[in-house]
Amino acid sequence: MSNRKIGIPQRLQDTAPLYFSEKKWPLYRPYIYAVIAALFRYGSIDADVLKVLEKRLRRRLGRLGNTHSAEARRRRLYDVLLAANETGDYLCVLPPTPTKVPRPKSVATSARVAEREITAAGMARYLSDWLKANPDDEARCLGLAMRLVSRIGLGPRVVLGTLSRVTPADRIEEGTLAIPVDPTDWGKSRYHLHLPAQCRACMPRRTRGAPRYDQTLYPSVLGALLTPEGDKLPDAKTVKAAMNEVRDGLERVFTRFLADFRRDCPEAIFGPVNTWQQFAQNARRLPMRFGIPAAWIEPFRDYPLPASMPPEAMKLLFKRPSHRAQRAATDGDEPPPAIAWPQWIDDPDEAGANSEPMSVSPDFASTRLRFIRAFLREAEQYKGQRKEKITKNGLKKLEARRDRLMTNAKQTTPGRLNLTVMAIGWLYSELEKGNTLSTVRTYMYRIFRFELFLMEETLEMRDWDDETVQEVLASQMANNDWDRSTIAYFKQTWLGFLRYCQRLEVLTEVESLPQATAAGHSATRTSILKPIEFGLAWDRLAFDGDERMTLQARAALGLGLCAGLRSKEVLGLSVRDIKCRSGELYMHIKRGKTAAARRKIPLHATAPPDVQECIRAWVDTRKAEFDGEPSQAIPLFGPAGEKMGYDRRAFISPLLDEMQTVFGPGFDFHLLRHSFASWTLLRLHAVRVPTFASKLPWKDDWLFGDESLDALNDAIDGERPELLAPSARVPKTPV
């Protein structure tokens, strides 16, 4: 250990350039020294040491006078700990790095902001008349900048970056403008922005010759075009100077517009909007008046811009066809083919006899709700004369009636634990705590509504996870115009019911309960597992002297991240569910919490080769342990030689404990499923847009390799676009 401690600075110096450049070394120096001191003292950094390290680092930076934000501290400490893990000699828990989720605002946040927005709306209305009276190029340039904000919702910085880089040659069609995704990005990727009619009217007039590609749209206002000088690309300072030049030109013309607006429309002035910058800040929500939702405006707030939508989808923002036109356009046309991946399992023999999900009819839902109301009617008979509370003798008599109702409710869904059974037990426990009957009745009417029992998820509560809880709460809160206090009471009541279910070990897969607050936008999961972190987790699951456990744990980890399985689905797999056909590896999920959980997943398109080899090796190991036994009777994960598979405590919980020593207490099994969905969406977009993968930091990973994307493309039966280059592949000739 002493030799390892002595070499800590040298090892970090060798691996640090992988995560941050030498120019940033002064910023990272306090973090590096703090990590070296912690490793020298403890030998490794676990979750407890990490808390102490973060606290001491914050104090030390304060004494040094460094005003680093909490986000910057967390990010830099994350990089240094990654560099320490890269040495291979030290194990450091990585701090969580939450991603900020955009929360679009649809209304003004104060009365002063509302007054400025009203003034900006008046300016947008007056702009048409002003352009008719001022048809010169300077006025048209200002009109274009103002309408990019008021009609599409571009942020001020996006408008400045666009006007400093766009040329007349970037006008692809009459109503489409190709703009850079970032002012500092000099690649060939462009965002195809569909312009409404008001913006098209302010574009430069077309000339007979070829459009210019060496000047801005309006050079007299916007200045010179921002372009590379030879092989040297403009640095950040040059880009900022060009954007400031565009801003100064717009402010100069806006001064003329403002004088005319104050003269002609003094009654439309409610708040101070004295510059173009102020107009752009207060007019970004005006597109909602044209039917564009706030969630579609938010991505244009700042750089980088999102991936480009198809022009057909963008046209729906600006043109709404009538119902008659929509029917005429679709009559006689066949519906488009559905994506073939994930595939449904239509073979009854493959799916199993008992895997058909039960349907929830209104009669069936009302029957289960009547059990709960019958319990409250029975409780009415045992309340005291003066108070609404149930007496002690009444609780004993009510307990027998409770058990009888719960038994009858269980028979409505044989073999399943439905929500009605748990609801009756929870209401009785609330009465047992001393709550009045009126309070418990309020709880029942607050959360156990008829619409809730129409949901298929209520038929089996043991399949619930974090995602299910969020879906159930969101469906109950939808289309209800509740105030903040009502939302808070609703969530608080649900929280009490879910905690009761957790105490009875029913919700074993629910890791985090919803907060009893009135927050309208809550993002419980804002991070995913990156490829390098998956590699750390894979290496961590190496048990010395127990090759079987190593193979088994890695196979479960791979199925969680590369197939998006829930922990209950992993435990329910049999050896028959993994099938290898002509070099392709498939996995069948025959039963889940809903009908949508039944699917077939092509692991050869979603899992790297080493994960596929691990899964195949583990299947062969399980088959060898039960030589001659039918594969459908062999659980995929279980003790050696036993046909009884693991439960969550025996397998999933130890696996999570091992992972939490690396990633901290925030790691749970559902994080793997969330990461699988996120990476699959990125890969599908890389299939559709060949240049997308080259812009990602993980472009060299297997996920975005040509071979893996081709396999994914074949799995979804799609056509992958080819690059127009001499090396492009020639499509196969149909036989």
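Keep in mind it's a predicted model, so treat the numbers as computed, not measured.

Next up on the list: the overall build of the chain. In terms of regular secondary structure, the chain is built from 31 helices and six strands. Intrachain contacts of the chain at a sequence separation of at least 6 include 69% that bridge at least 24 residues. For the chain, the exposed area adds up to about 39100 Å²; of that, 51% sits on carbon and sulfur atoms.

What follows concerns the pattern of salt bridges. Applying the stated criterion across every chain, the model contains 23 salt bridges. Put simply, Arg263 and Asp260 hold a salt bridge, and the shortest N to O gap is 3.4 Å. One end of the pair is Arg263 and the other is Asp260, both in helix 11 (residues 236–264) and three residues apart, which spans about a single turn. Its relative accessible area of 58% is what places Arg263 among the exposed residues. Residue Asp260 is classed as buried on the basis of its relative accessible area of 14%.

Attention now goes to the side chain of Asp577. Relative to the assigned elements, Asp577 resides in the loop between helix 26 (567–571) and strand 4 (578–581). Beyond its immediate stretch of four places on either side in the chain, Asp577 contacts Gly572, Tyr586, Met587, His588 and Lys590.

Taking every second residue as pointing to the same face, both faces of strand 6 (residues 599–602) are buried, with Arg599 and Ile601 on one and Lys600 and Pro602 on the other. Relative to strand 6, strand 5 (residues 584–589) runs antiparallel, the two being bridged by four bridges. Its bridge partner being in strand 6, His588 is matched across the sheet by Lys600.

This paragraph deals with the sheet that holds strand 5. If you trace the three strands from one edge of the open sheet to the other, you get 4-5-6, paired in antiparallel fashion. Of all the strands in the sheet, the pair left with one neighbour each is strand 4 and strand 6. Along the sheet, successive strands turn relative to each other by an average axial angle of 25°, direction set aside. The sheet contact formed by strand 4 and strand 5 spans four bridges and is antiparallel. Residue pairing for strand 5: Ile578 is matched across the bridge by Met587.

This part takes up the side chain of Arg171. Turning to its location among the elements, Arg171 is positioned in strand 1 (residues 171–173). A distance of 3.5 Å separates the side chain of Arg171 from the backbone oxygen of Pro204, its partner in a polar contact. Apart from the residues lying within four places of it in its own chain, the contact partners of Arg171 are Thr176, Leu177, Arg200, Met203, Pro204 and Arg206.

Our next topic: the packing of aromatic side chains. Scanning the entire structure with this criterion turns up 18 aromatic pairs. Residue placement shows Lys600 over the ring face of Tyr586; its charged tip is 5.2 Å from the ring centre.

Attention now goes to the environment of Tyr489. Within the secondary structure, Tyr489 sits in helix 23 (residues 484–503). Put simply, Tyr489 and Arg446 are 43 residues apart on the chain and 8.7 Å apart in space, counted from C-alpha to C-alpha.

Bringing the state of the cysteines into the picture now. Following the criterion strictly, the structure yields zero disulfides and no others. Unpaired in terms of disulfides, Cys141 finds its nearest cysteine sulfur in Cys202, a separation of 9.4 Å.

Here the focus is the sheet that holds strand 3 (residues 190–194). Paired through their backbone hydrogen bonds, the strands of a sheet run either parallel or antiparallel. Spatially, the three strands line up as an open sheet ordered 1-2-3, and their pairing is antiparallel. Pairing within the sheet leaves two strands with one partner each, and these edge strands are strand 1 and strand 3. Adjacent strand axes in the sheet meet at a mean angle of 35°, parallel and antiparallel pairs treated alike. Here strand 1 pairs with strand 2 (residues 176–180) via two bridges, running antiparallel. Each bridged residue has a counterpart across the sheet, and for Arg171 the counterpart in strand 2 is Leu177.

On to the packing of helix 30 (residues 669–688) against helix 31 (residues 706–715). For the pair helix 30 and helix 31, the least separation of the axes is 10 Å and the interaxial angle reads 90°. The angle between helix 30 and helix 31 falls in the class roughly perpendicular. Two secondary-structure elements touch here, helix 30 through Arg683, Leu684, Ala686 and Val687 and helix 31 through Ser708, Leu709, Leu712 and Asn713. Tallied by class, residues from the contact of helix 30 with helix 31 come to five nonpolar, two polar and one charged.

Side chains of Arg41, Lys55, Arg56, Arg58, Arg59, Arg60 and Arg63 sit close together on the surface and give a patch of like positive charge. The element that contributes the greatest number of residues to the positive patch is helix 4 (residues 47–64), accounting for six residues. Topologically, Arg59 is positioned in helix 4. The class for Arg59 is exposed, based on a relative accessible area of 51%.

On to helix 18 (residues 392–410). For helix 18, built from 19 residues, the straight-helix expectation of 27 Å at 1.5 Å per residue is met to within 8% by its first-to-last C-alpha distance of 27 Å. Taken together, the buried positions of helix 18 are occupied by Gly394, Leu395, Leu398, Arg402, Leu405, Met406 and Ala409. Those residues of helix 18 that are buried lie in contact with helix 17 (362–380) and helix 19 (419–432).

Buried together is how nonpolar side chains tend to be arranged in soluble globular proteins. Formed by 72 residues in total, the largest nonpolar core has its most connected members in Ile45, Leu559, Leu565, Met587, Ile615, Leu636 and Phe637. When residues no more than four places from it in sequence are discounted, the contact partners of Ile45 are Val35, Ala38, Leu39, Leu50, Leu53, Leu81, Leu91, Cys92 and Val93. Core analysis: the second largest hydrophobic core is formed by 57 residues, Tyr191, Met243, Ala268 and Tyr303 among them.

Turning our eyes to something else, we now look at the environment of Asn85. With respect to the helices and strands, Asn85 occurs in helix 5 (residues 70–86). Measuring from C-alpha to C-alpha, the distance between Asn85 and Thr15 comes to 9.1 Å, with 70 residues separating the pair along the chain. The residues contacting Asn85, other than those within four sequence positions of it, are Tyr90, Leu91, Cys92, Leu94 and Leu536.

Attention shifts here to unusual backbone geometry. Residue Glu505 is not a glycine yet carries a positive backbone phi of 60°. Note that Glu505 resides in the loop between helix 23 and helix 24 (531–540).

The complete set of buried residues in helix 24 reads Pro531, Glu533, Phe534, Ala537 and Trp538. For helix 24, the angular spread of the buried residues around the axis is 155°, confining them to a single face. Among the structural elements, helix 5, helix 25 (547–563), helix 28 (609–625), helix 29 (648–663) and helix 30 are those in contact with the buried residues of helix 24.

On average, the chain scores 78 in pLDDT, and the residues at 70 or more come to 82%. Here residues 518–523 scores under 50 on pLDDT; set against residues more than four positions off or in separate chains, the count is eight contacts. In the predicted structure, residues 718–735 sits below a pLDDT of 50 and forms 16 contacts with residues beyond four places in sequence or in another chain.

It is worth spelling out the packing of helix 25 against helix 30 at this point. At a minimum axis distance of 6 Å, the contact between helix 25 and helix 30 shows a crossing angle of 40°. Between helix 25 and helix 30, the crossing angle belongs to the class labelled oblique. Contact residues: helix 25 offers Ala556, Leu557, Gly560, Leu561, Cys562 and Ala563, while helix 30 offers Phe669, Leu672, Arg673, Ser675 and Phe676.

Definitions and limits used
- Residues numbered from 1 in each chain as written.
- Predicted model: local features only at pLDDT ≥ 70, side-chain atom pairs only at ≥ 80, totals over all residues.
- Heavy atoms only, no water.
- Helix = DSSP H or I, 4+ residues; strand = E, 2+ residues; numbered from the N terminus.
- Contact = heavy atoms within 4.5 Å.
- Areas by Shrake-Rupley, 256 points an atom, 1.4 Å probe, with all protein chains shown as cover.
- Salt bridge = Lys/Arg side-chain N within 4 Å of Asp/Glu carboxyl O.
- Buried < 20%, exposed > 50% of the residue type's maximum accessible area, 1.4 Å probe, protein only.
- Pairing = 2+ DSSP bridges.
- Axes fitted to C-alpha atoms, helices over the stretch in contact; angles between N-to-C directions.
- Polar contact = N/O pair within 3.5 Å; in protein donor to acceptor, adjacent residues only side chain to side chain.
- Phe/Tyr/Trp six-rings, centres within 6.5 Å; stacked < 30°, edge-to-face > 60°.
- Lys NZ or Arg CZ within 6 Å of the ring centre and 35° of its normal.
- Disulfide = S-S within 2.5 Å.
- Parallel < 35°, antiparallel > 145°, perpendicular 65-115°, else oblique.
- Nonpolar A, V, L, I, M, F, W, Y, C, P; charged D, E, K, R; others polar.
- Patch = residues over 30% accessible without salt bridge, like charges linked within 9 Å, V, L, I, M, F, W, Y side chains within 5 Å.
- Lys, Arg positive; Asp, Glu negative; His and termini not counted.
- Charge placed at Lys NZ, Arg CZ, Asp CG, Glu CD.
- Expected span 1.5 Å × (residues − 1).
- Core = buried A, V, L, I, M, F, W, Y, C linked by side-chain atoms within 4.5 Å.
- Arc of directions from axis to C-beta.
- pLDDT = per-residue confidence, 0-100.

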